Amino acid sequence: MHTNIVQHVFRRFCVLLVLECAALAAALPDPAAHFGFVPGDDYKLADYGQITGFYRKLAAASGRIRWERFGTTSEGRPMYVAIISSAGNLRRLDEIRQNNRRLALGQATAEQARALAASGKAVVWIDSGLHASEVAPAQQAPLLALRLLGEETPELDEIRRNVILLQVPVINPDGLDAVVAWYRRNAGTPYELAPLPALYQKYAGHDNNRDWFMLNLPETRAVTRLLYQQWFPQILYNQHQAPPMPARIFVPPYADPLNPNIPAPVMEGINLIGAAIKQRLAMEHKPGVLSYFGFDAWWNGGLRSVPAFHNIHGILTETAGFYYATPKTYDAATFPRRFANGNPTGEPTVFYERPWPGGQWRIRDAINYMLTVDMAVLSFAAREREALLHKAWAMAEFNIAQGRGGRPFAYVVAAAQPDPVSSGEMLRRLAMAAVEIRRARAAFTAGGRQYPAGTYVLPAAQPFRPYLVDLMEPQKYPELRAGTTGPTKRPYDIAGWTLPMQMGVKVDRIEEPFEAGLEAIQDLPAPAAHLQWTPPRARLARPRIGLYRPWLANADSGWTEWLLDTFEIPYTLLHNGDFHQGRLHDRFDTIVFASQPAVSILHGTGDGESAVPRQGGANPDPEPNSAQRPEYCGGIEIEGLARLTEFLKAGGTMVALDRATELASFFPVGIRALLPATPGAAGSGSSFYCPGSLIRIDLAPGEAVTAGLPEQVVAFSNGGQAWEVTLLPEFNTGSRQVRVLARYAGSNLLASGWLSGESAVLGKPALVEARAGAGRLILFGFRPQHRGQTFGTFKLLLNALYE
Ligand SMILES: [Zn+2]
């Protein structure tokens, strides 16, 4: 009997061995033969067709990889994930995924969880190419896959045995092809380093990494489905290329402040993985590794930050890059002496142990740094497999138990909403990211209030409670100062994002446990592709709208296009040349300028301006000779300003958002801007400072622009603008009349995030309509369509277009 079992096991082993060997029998493809170069060679970039073609060859040659389509991009390209592990693991992939899901959702007893963790496999996610102008990650991807499939070492064996790698080699395929085509056109010409004169992701550009809770883009929706509905990895590693100069790579720990909703065990896990990465880089003698600087642990909304609220270790690296695949030699004498936190760049410190001495840097170097990080992350996951799996279950259990205790116990989304479109969209977007939503079968009482049947309830007792709480609650940005009197530390991205506030949805926070007949909802559809909106007054049934699109990557302009497309409002894009042709009023009723400094609109400069961030983040390595092709240089120029003046005289309407309101100074209107173009230093004295926060504004009733909105709404402000009316009341009439459509709240201005110096704007006009002869300017001192997130103020902009 005993011998039989041994024989059986041995036979089975042999069968598996044969299968494994058969799977490896075909030769893996040679990159040089496939691409015509090895990714990482100077001046060479592989495009999406080449990269996916290589993966198809890998999948044909090896039993250690599955190549699956999981979505479609904005421009219609297929999105793929490579699933890489041992051939044996891939054969039982569905079972591994189901067990992993049970652990992540806390759907197991303690005993079951121990068994599932013991027999399960760690799931690691690595993606490349989100920010397409940061080119090295996507070029690195096929080299990582080749190594994982072909290398026969004890370490690689351990990784394949213990880890399921989900590798998305190119997470922004449209952007890769746009950037590669642009670079191929320019390499070897005077325009080799020129920036792409368009957004590398439809509507969003660099903001494709600001969309991870709102999920407006097809790409973020597809990835979110994979992450939070199917796979629930324990580690997510997201690659970028913009560390502060002269560091060669940024690696966690992240910088302060810390978001209190990120569970401490998750943050400590991130720190631990960061330490493993740093140790490996040190062992491989790769200098210039920087941590605890710049990229903060406050923000929610990034590909690497949303996972932390889902009990997942979200890891970001930012490897140094020059431009595209062009090499560059650096002289350390030209380096900035200090990082912005005051630490020296030339002396070792605890979080920058081996300063980079300068010299040559090529795309190959960036790729090699990332391959080291990949191996560190995968080795960590292989070693810690069982602990990682058990931790996922323990975190879910803890969150569920915490929610059962109350404070809060639940968030109730009332059935009757000021805007049912917004509340419906909010619930759908939460559901996509694995928030559990319940519906009341019968009326119930909670927090002393009566709610009818059909009311939606978001219980706090759920596995990803931190995600729910962080999106529902106001952010209270902590004032971290340099010393006791220094300026407050600025957030990396924005300070406040509370979802019901941004979206104008009424949500009640219920502190104490209550009883109600609730049913789980399985039938919430995916977010709608198009939304409904009805103009308040039909003065112009279909106004002819022109939207300015500069030859700079302006995401605020892109999000304006998103708004118009989503609400199915026709418009025409206007480029600089359109403003030189004249007779704009024959073609348009309304012309819109998204946020962009006036000097940038006029002359096309503004690269690096806060309103038009350089794609690829704050590239710390500006190249003075990065000439742009002449057809993309300049702005609307003085000539365009003259055409705009004619347009207004002929009765046209110009709508300007945030910094584009600077254009108003060129027209004779009776207002004065109160805030300087460059916002005041953080926390310094009386100047208004608002680094991306939600604020309250009071709307004037009875105006077409404010029709259909409540008396007070929450708006998003990046500093923005406020005005005072300079006309005496008796002259505020006729062709110079100024109407104040909205004011900053007179008190209690901050809704979520952080403000200082608010006395400068309390009660001041925040949205004005100024007559200029027969025409008018409508000026928004805030961002009514910010990142497609501010559903609560969309109508102000939509109404203004139809006014
Ligand atoms: Zn980036």
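S.K.: How should the overall build of the protein be read in this particular structure?
M.R.: Check the secondary structure of the protein and you find 21 helices and 31 strands. For 803 residues, the compact-globule estimate of 2.2 N^0.38 gives 28 Å, and the protein sits close to it at 28 Å. Each of the three principal axes of the protein carries a C-alpha extent, and together these read 105 × 70 × 55 Å. The proportion of buried residues among the 803 residues of the protein is 59%. Long-range contacts, defined here as pairs at least 24 residues apart, represent 80% of the contacts in the protein between residues at least 6 apart. In the form shown here, the protein has an accessible surface area of approximately 29,900 Å², with 53% of it arising from carbon and sulfur atoms. Within the protein, one finds 77 positive and 74 negative side-chain charges whose respective centroids are separated by 2 Å.

S.K.: Quick question: what am I supposed to make of the coordination of the zinc ion here?
M.R.: Octahedral six-donor coordination of a metal ideally yields angles of 90 or 180 degrees, compared with 109.5 degrees for tetrahedral four-donor coordination. Listed as protein donors to the zinc ion are His131 (ND1), Glu134 (OE), Glu134 (OE) and His240 (ND1); their distances from the metal cover 2.1 to 2.4 Å. For the zinc ion, the four donor atoms in the first shell make angles of 55 to 146 degrees at the metal, a pattern classed as irregular. On the primary sequence, the residues serving as donors to the zinc ion are separated as H-x2-E-x105-H. Residue classification places His131 among the buried residues on the basis of a relative accessible area of 3%.

S.K.: How should the pairing of strand β23 (residues 653-657) be read in this particular structure?
M.R.: If a strand is regular, its side chains alternate between the two faces of the sheet. Along β23, five of the five residues are buried, which leaves the element largely enclosed by surrounding structure. Neither face of β23 is exposed, since Thr653, Val655 and Leu657 on one face and Met654 and Ala656 on the opposite face are all buried. The sheet contact formed by β23 and strand β31 (residues 775-780) spans five bridges and is parallel. Note that in β31 the partner of Thr653 across the bridge is Arg776.

S.K.: Is there a simple way to explain empty space enclosed by the protein in this structure?
M.R.: To locate leftover empty space, one rolls a probe as large as a water molecule over the atoms. Here the structure, examined in full by the defined rule, presents seven cavities of 30 Å³ or more. Put simply, the largest cavity is a space of about 90 Å³. In terms of lining, the largest cavity is formed by Ala104, Phe232, Pro233, Gln234, His310, Asn311, Ile312, His313, Leu388, Lys391, Ala392 and Phe464. Sort the elements by how many residues they give to the lining of the largest cavity and helix α13 (residues 385-404) lands first, with three residues. Across the lining of the largest cavity, the residue classes break down as seven nonpolar, four polar and one charged.

S.K.: When you look at the side chain of Thr560 in this model, what are you seeing that I'm missing?
M.R.: Within the element layout of this structure, Thr560 appears in helix α17 (residues 555-566). Judged by its relative accessible area of 2%, Thr560 is buried. Ignoring anything within four residues of it in the chain, the contact list for Thr560 reads Leu547, Val592, Ala594, Leu657 and Gln785.

S.K.: Sorry, what's going on with the pattern of salt bridges here?
M.R.: Close approach of charged atoms allows side chains of opposite charge to pair. For the structure shown, the criterion picks out 43 salt bridges. The residue Arg438 makes a salt bridge to Glu436 at a minimum N-O spacing of 3.3 Å. Between Glu769 and Arg776 there is a salt bridge; the shortest N-O distance is 2.7 Å. Taken as a pair, Glu769 and Arg776 share a single burial class, namely buried.

S.K.: I keep staring at the confidence of the model for the protein and nothing clicks. Help me out?
M.R.: Detailed reading of the predicted coordinates is not advisable wherever pLDDT falls low. Taken as a whole, the protein shows an average pLDDT of 93; of its residues, 93% reach a score of 70 or greater. Segment residues 607-620: pLDDT under 50, and 41 contacts once partners within four positions in sequence are set aside and those in other chains are kept. Contacts of residues 680-685 to residues separated by more than four positions or lying in other chains number 13 contacts, the stretch itself having pLDDT below 50.

S.K.: Whenever I open this one, the sheet that holds strand β1 (residues 65-72) confuses me. Can you help?
M.R.: Backbone hydrogen bonds hold the strands of a sheet together, and the pairing may be parallel or antiparallel. With mixed pairing, the eight strands of this open sheet are ordered in space as β1-β2-β4-β3-β5-β10-β6-β8. In this open sheet, the two edge strands, each paired with only one partner strand, are β1 and β8 (289-290). The pairing of strand β6 (residues 249-250) with β8 spans two bridges and is parallel. What sits directly across from Ile249, in β8, is Val289.

S.K.: It is not clear to me how the pairing of strand β18 (residues 507-510) should be interpreted in this structure. Could you clarify?
M.R.: Residue alternation in β18 divides its side chains into a buried set, Asp508 and Ile510, and an unburied set, Val507 and Arg509. The pairing of strand β13 (residues 410-413) with β18 spans four bridges and is classified as antiparallel. Counted as the bridge partner of Ala410 is Ile510 from β18.

S.K.: Would you mind going over the nonpolar core with me for this structure?
M.R.: Across soluble globular proteins, you tend to see nonpolar side chains buried next to one another. Judged by nonpolar contacts, the single largest core of 208 residues is most densely connected at Leu458, Ile697 and Phe780. By residue number, the principal contributor to this core is helix α12 (residues 363-383), which donates 14 residues. Apart from the residues within four sequence positions on either side, Phe780 is in contact with Val655, Ala656, Leu657, Asp658, Thr661, Trp723, Ala766, Leu767, Leu796, Leu797 and Ala800. Core analysis: the next-biggest nonpolar cluster, separate from the first, contains 32 residues, Ile601, Phe647, Val740 and Leu777 among them.

S.K.: How should a nonpolar patch on the surface be read in this particular structure?
M.R.: Together, Tyr292, Val350 and Phe351 line one region of the surface with nonpolar side chains, adding up to about 280 Å² of accessible area. Considering the arrangement of structural elements, one finds Phe351 in the loop between β11 (328-330) and β12 (359-361).

S.K.: Any chance you could explain helix α21 (residues 791-802) here in plain terms?
M.R.: Turn by turn, an α-helix covers 3.6 residues, leaving residues three or four places apart pointing in a common direction. For α21, built from twelve residues, the straight-helix expectation of 16 Å at 1.5 Å per residue is met to within 8% by its first-to-last C-alpha distance of 18 Å. Burial analysis of α21 places eleven of its twelve residues in the buried class, the great majority of the element. Among all positions in α21, only Phe791, Gly792, Thr793, Phe794, Leu796, Leu797, Leu798, Asn799, Ala800, Leu801 and Tyr802 are buried.

S.K.: I'm lost on the sheet that holds β18 in this one. Help?
M.R.: Taken together, five strands build an open sheet; the order of strands is β18-β13-β17-β14-β19 and the sheet is antiparallel. Two strands in the sheet have a free side with no partner beyond their single neighbour: β18 and β19 (518-520). Along the sheet, successive strands turn relative to each other by an average axial angle of 30 degrees, direction set aside. Bridge count for strand β14 (residues 438-440) against strand β17 (residues 456-459) is two bridges, and the pairing is antiparallel. Counted as the bridge partner of Arg439 is Tyr456 from β17.

About the criteria used
- Residues numbered from 1 in each chain as written.
- Predicted model: local features only at pLDDT ≥ 70, side-chain atom pairs only at ≥ 80, totals over all residues.
- Heavy atoms only, no water.
- Helix = DSSP H or I, 4+ residues; strand = E, 2+ residues; numbered from the N terminus.
- Rg over C-alpha atoms; globule rule 2.2 N^0.38 Å.
- Buried < 20%, exposed > 50% of the residue type's maximum accessible area, 1.4 Å probe, protein only.
- Contact = heavy atoms within 4.5 Å.
- Areas by Shrake-Rupley, 256 points an atom, 1.4 Å probe, with all protein chains shown as cover.
- Lys, Arg positive; Asp, Glu negative; His and termini not counted.
- Charge placed at Lys NZ, Arg CZ, Asp CG, Glu CD.
- Donors = N, O, S within 2.8 Å, 3.2 Å for Na, K, Ca; no water.
- Tetrahedral: all angles 85-135°; square planar, octahedral: opposite > 155°, others 65-115°.
- Pairing = 2+ DSSP bridges.
- 1 Å grid on protein atoms, 1.4 Å probe; cavity = no way out; pocket = protein on both sides within 12 Å on 5 of 7 lines; lining within 4 Å.
- Points joined across faces, edges and corners; volume = space filled by probe spheres on them.
- Nonpolar A, V, L, I, M, F, W, Y, C, P; charged D, E, K, R; others polar.
- Salt bridge = Lys/Arg side-chain N within 4 Å of Asp/Glu carboxyl O.
- pLDDT = per-residue confidence, 0-100.
- Core = buried A, V, L, I, M, F, W, Y, C linked by side-chain atoms within 4.5 Å.
- Patch = residues over 30% accessible without salt bridge, like charges linked within 9 Å, V, L, I, M, F, W, Y side chains within 5 Å.
- Expected span 1.5 Å × (residues − 1).
- Axes fitted to C-alpha atoms, helices over the stretch in contact; angles between N-to-C directions.

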